[in-house]
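Chain by chain, the residues:
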Amino acid sequence: LYAHRGQAEILTMLTIDHLTAGYGKLTILHDISLAVTPGQFVAVLGPNGSGKSTLLKSIFGLADVGSGAIRLGNRALHGLPTEQVCRHGIAYVPQRQNVFASLSVRENLLLAVRQKEKAEADNALARAYALFPILGQRQAQRARSLSGGERQMLAIAMGWLGQPQVMLLDEPSAGLAPLFVTEVFRTLRKLTDDGLTLVVVEQNARSILRWCDHAYILREGRMVFDGAADAILADEETVKGYLGVQRQAELFMNHPVV
């Protein structure tokens, strides 16, 4: 399956065509289309209630699809139960309740590799500790005692250990201190640089646009903008007219990346 961009043909990892979805008789998304290429870091932005989380849940089989198509490569995902979507290579990290609070960091990670042989699981854990050093330092600690940023790192690591083709993340920076926001997005950027494809729902537009490749903006369940992240940052009217979630001065100030 290919998406045409200019004169180039780019293999598409995840495709959504004219999707209408919601919950029962309540329709949240209207005629949504997007294409995500392999190794791309995509942000889904928009005001509260715009349908961002519903989009991720539709991909992962947690919302009701009324019409349209969702494909991973050439494989149709719409209509499949969540466990099958997961087996086909999609991981989903929800905003809340994304780790087992009563278990240690190591026990959480072991759950993520429970179906692997011991040697393979040990190797995967070693790679996780190398990629997420704070988890190696906290591996004996209960997840409930972690800071918000550390817990988010644990949730991301658990999703990554499943070796998905695409990872969906819902508001990974929610409630985090600015330093941890930067660290979370830096880690996500590294994952995509290593080949993972990411679709990330975010309210923190200013921060994520400095790390992601491409962004889609939803408003009232409809797609209102599709473009490169740097183009959105450079377009004052786009931010004012479509996002409306932060003050213009905050979005366009010369903010150094830590």
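As the structure is a prediction and not an experimental result, all values here were calculated from the model.

Draft legend 1. Local environment of the environment of Tyr23. When you line up the elements, Tyr23 lands in strand β3 (residues 14-23). Along the primary structure Tyr23 and Ser58 are separated by 35 residues, whereas in three dimensions their C-alpha atoms are 9.8 Å apart. If we ignore the near neighbours within four places in the chain, the residues touching Tyr23 are Ile28, Thr54, Lys57, Leu62, Ala63 and Asp64. Side-chain polar atoms of Tyr23 contact the side chain of Thr54, separated by 2.8 Å.

Draft legend 2. Local environment of the sheet that holds strand β8 (residues 90-93). A sheet is described by the order of its strands in space; here six strands give the open sequence β8-β9-β10-β5-β11-β12, paired in mixed fashion. In this open sheet, the two edge strands, each paired with only one partner strand, are β8 and β12 (222-228). On average, each strand axis in the sheet is inclined to that of its neighbour by 15°, with strand direction left out of account. Pairing between strand β9 (residues 166-170) and strand β10 (residues 197-201): five bridges, direction parallel. Along β10, the bridge assignment pairs Leu168 with Val199. Where helix α6 (residues 148-161) meets the sheet, its contacts fall on β8 and β9, and the angle it forms with β9 comes to roughly 155°. Of the strands in this sheet, β5 (41-45), β9 and β10 touch helix α7 (residues 178-193), which is tilted by about 135° from β5.

Draft legend 3. Structural context of the environment of Ala155. With respect to the helices and strands, Ala155 occurs in helix α6. Separated by 59 residues in the primary sequence, Ala155 and Arg96 place their C-alpha atoms 9.8 Å from one another. Among all residues touching Ala155, those that are not within four sequence positions of it are Val93, Asn98 and Val99.

Thresholds, definitions, all that
- Residues numbered from 1 in each chain as written.
- Predicted model: local features only at pLDDT ≥ 70, side-chain atom pairs only at ≥ 80, totals over all residues.
- Heavy atoms only, no water.
- Helix = DSSP H or I, 4+ residues; strand = E, 2+ residues; numbered from the N terminus.
- Contact = heavy atoms within 4.5 Å.
- Polar contact = N/O pair within 3.5 Å; in protein donor to acceptor, adjacent residues only side chain to side chain.
- Pairing = 2+ DSSP bridges.
- Axes fitted to C-alpha atoms, helices over the stretch in contact; angles between N-to-C directions.

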